[in-house]
Each structure stands twice: as C-alpha cells, then as structure tokens.
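Observations on the model geometry
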Amino acid sequence: MNTEGTLLVPYYEHPRVRPAAWEALLAAAPRLHGVVLNPAGGPGEHPDGAFAEIAGRLRAAGVRVLGYVDTGYGRRPRAEVVHELSRHRAWYRADGAFLDQAAASDAEFDHYRRLATDARELRCGTLVLNHGTAPHPAYGGIADVLVTFEGGWDTYRGGPLPPWTGTGARVCHLVHGVPAGTDVAARARDRGAALHCAVPGTGAHPWGTLPYGLEPAPPSDDGRAPSGPAAQ
C-alpha cells in the first residue's frame, strides 16, 4: 500500500454514475493514503459489482480501500457493525475500515476497543475512527488514523481546534466547503494532521465532490473528454 500519500478521500458516488471521477481518483493513486468505499451507507444488502471492480483497481494501484460503517456514536449494536465490516471484507476485499460517527468520550471507549479487536480479527489492516473532533487520548491506542476534525471551511479557518493530546495514531482533518486555491494541506500540517481531505462540496452531501486537483477534465464541446496535451 502507498505509504507516501496524504489524502484520505471519502467519495460517496456510484462508479456507474460518476465514472470519470473514479478514473481521476485512480490516476491520483500516488497521492492517496486511502479511499472510503460507501456503496449504500455501508456495504449495502447485496454485493455491487461496480464497487467491487473499482475497489480491485484501487488496490492494484496501491490505494487502501476503507469500508464505510456508521457506528452511531456508539449506539449501534456491536454485532451490526461487525456484520457490515465482514460484508466489506467479503464483497469488496476492503483493506481496512472507516468507522464513521465514532464517539469521542472515555465512556464509550470500551465499545470501540472491542470493535477495533473485531476489525483486526477480520484482517482490516487499517482502522480509521471518524470522531469529527478530538477524542479522549485512549483512542490513539486502538486505531491507525483518527479524524479529529470534520466540518466546514469557515469553522476550520476560524480559530483553534480542540487539541489532540494523544499518541499512537495519525491525525486526519476532513474539510468541506473549501474555496478554490486554498492551501488546506499546509494548514492541516500546521495543526498536526498528517492526512487530510478538502473538497468544495457543501450541504448535506459534501463528499460527492473530489478534492481540488483531482477533478476529472471537463468534456469537450462534442461531449468527449479532451485528449492530447490539453488533457494532461
């Protein structure tokens, strides 16, 4: 797997609906730490061949495929979460897990510690917990990556973030509503985040857009993608 990429990209669009965007992600493989695979708010009820194909191509390009599971801030039963993790592994051969809406307090830590053990037993090589804020330091001992910020650009740029005081896990910031030309990577590094993703999307579905610089080239006037030097 790619060890140099700094982009962790949640991209929640279907490969058949947005094929050019998925091709753009594949082309950017050296820049990617991982891509979150989210067929249907999780793995779905049945395998999706289009997602299975794109997951295989991402792995072949050296990109981690992280299966999305919503944990409901610790309210979802452990068995439900593990069931969805096992589907991601069986249907899409996901390399790891992206556990969304993860609780941040020490009161729920034991629940997530057990989920982390379950994920390792399913051979999830990379475990990402998306707290959206700085969690209790203990979480750094059970995950590979902690998302300590998820939110809009105005909040991200507006002032100091709650400090992450733990060790053991890499930190990631996910920022949406970002204006073009904004250097979020440098700001994320300054705030201690080794990984990030910054997209222009806003509203209820910001993760249907790609980070700046990864967008597919617009079609030409005849409806075909540009070719030759202009498309490079």
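Scroll up to find the structure.
One structure accompanies this document, and this report is about it. Here the structure is a predicted model, which is why all the values come from computation and not from measurement. (Residues numbered from 1 in each chain as written. Predicted model: local features only at pLDDT ≥ 70, side-chain atom pairs only at ≥ 80, totals over all residues. Heavy atoms only, no water.)

Across all of its chains, the model carries eight salt bridges by this definition. Across the salt bridge formed by arginine 76 and glutamate 80, the nearest N and O atoms sit 3.2 Å from each other. Within the structure, one salt-bridge network assembled from shared partners comprises Arg76, Glu80 and Glu84. (Salt bridge = Lys/Arg side-chain N within 4 Å of Asp/Glu carboxyl O.)

All right, on to the layout of surface pockets then. The computed volume of the largest pocket comes to approximately 200 Å³. If you go around the largest pocket, the residues you meet are Thr6, Leu7, Arg31, Thr182, Val184, Ala185, His196, Ala198, Pro211 and Tyr212. At the level of elements, α6 (184-190) and β8 (195-198) are the ones that each hand at least two residues to the lining of the largest pocket. Class assignment for the residues of the lining of the largest pocket results in six nonpolar, three polar and one charged. (1 Å grid on protein atoms, 1.4 Å probe; cavity = no way out; pocket = protein on both sides within 12 Å on 5 of 7 lines; lining within 4 Å. Points joined across faces, edges and corners; volume = space filled by probe spheres on them. Helix = DSSP H or I, 4+ residues; strand = E, 2+ residues; numbered from the N terminus. Nonpolar A, V, L, I, M, F, W, Y, C, P; charged D, E, K, R; others polar.)

This paragraph deals with the packing of helix α3 (residues 78-92) against helix α4 (residues 109-121). Contact pair α3 / α4: the axes reach a minimum separation of 10 Å and the direction vectors enclose 25°. By the angle between their axes, α3 is roughly parallel relative to α4. Judged by the twist between their axes, the crossing of α3 over α4 is right-handed. Across the interface between the two elements, Arg78, Val81, Val82 and Leu85 from α3 touch His111, Arg114, Leu115, Asp118 and Ala119 from α4. (Axes fitted to C-alpha atoms, helices over the stretch in contact; angles between N-to-C directions. Parallel < 35°, antiparallel > 145°, perpendicular 65-115°, else oblique. Left-handed = near helix turned anticlockwise from the far one by under 90°. Contact = heavy atoms within 4.5 Å.)

Regular strands place their side chains on alternate faces of the sheet. Summarising burial for strand β5 (residues 126-130): five of the five residues are buried, a large majority. Here β5 shows two buried faces, one formed by Thr126, Val128 and Asn130 and the other by Leu127 and Leu129. As a crossover connection, the stretch from strand β4 (residues 96-100) through α4 into β5 is right-handed. (Buried < 20%, exposed > 50% of the residue type's maximum accessible area, 1.4 Å probe, protein only. Right-handed = clockwise from strand over helix to strand, strands pointing away.)

Centre-to-centre distance and the angle between the planes together describe a pair of aromatic rings. As enumerated under the stated definition, the model contains nine aromatic pairs in all. Here tyrosine 112 and tyrosine 139 contribute two aromatic rings whose centre-to-centre distance is 6.1 Å and whose plane-to-plane angle is 65°, an arrangement assigned as edge-to-face. Of the two residues, tyrosine 112 sits in helix α4 while tyrosine 139 sits in the loop between β5 and β6 (145-152), which places them 27 residues apart along the sequence. Residue classification places tyrosine 112 among the buried residues on the basis of a relative accessible area of 1%. (Phe/Tyr/Trp six-rings, centres within 6.5 Å; stacked < 30°, edge-to-face > 60°.)

Quick look at the environment of threonine 117 now. Secondary-structure assignment places threonine 117 in helix α4. The spatial distance from the C-alpha of threonine 117 to the C-alpha of isoleucine 142 is 8.3 Å, given a sequence separation of 25 residues.

Attention shifts here to the pairing of strand β1 (residues 7-10). Residues Leu7 and Val9 line one face of β1 and the alternating positions Leu8 and Pro10 line the opposite face, and both faces are buried. Bridge count for β1 against strand β2 (residues 32-37) is four bridges, and the pairing is parallel. Its bridge partner lying in β2, proline 10 is registered against valine 36. In this fold, the crossover linking β1 to β2 by way of helix α1 (residues 19-27) has right-handed handedness. (Pairing = 2+ DSSP bridges.)

The next thing to look at is the nonpolar core. Counting 38 residues, the largest nonpolar core has Leu8, Trp22, Leu25, Leu32, Leu37 and Phe98 as the members making the most contacts within it. Secondary structure elements with two or more residues in this core: β1, α1, β2, α2 (49-60), β3 (64-70), β6, β7 (170-176) and β8. If one sorts the elements of this core by residue count, α1 sits on top with five residues. Look past the residues within four positions of leucine 37 in its chain and what remains in contact with it is Trp22, Phe51, Ile54, Ala55, Val65, Leu66, Gly67, Tyr68, His88 and Tyr92. Counting 32 residues, the second largest nonpolar core, distinct from the first, contains Ala119, Tyr156, Val171 and Ala193. (Core = buried A, V, L, I, M, F, W, Y, C linked by side-chain atoms within 4.5 Å.)

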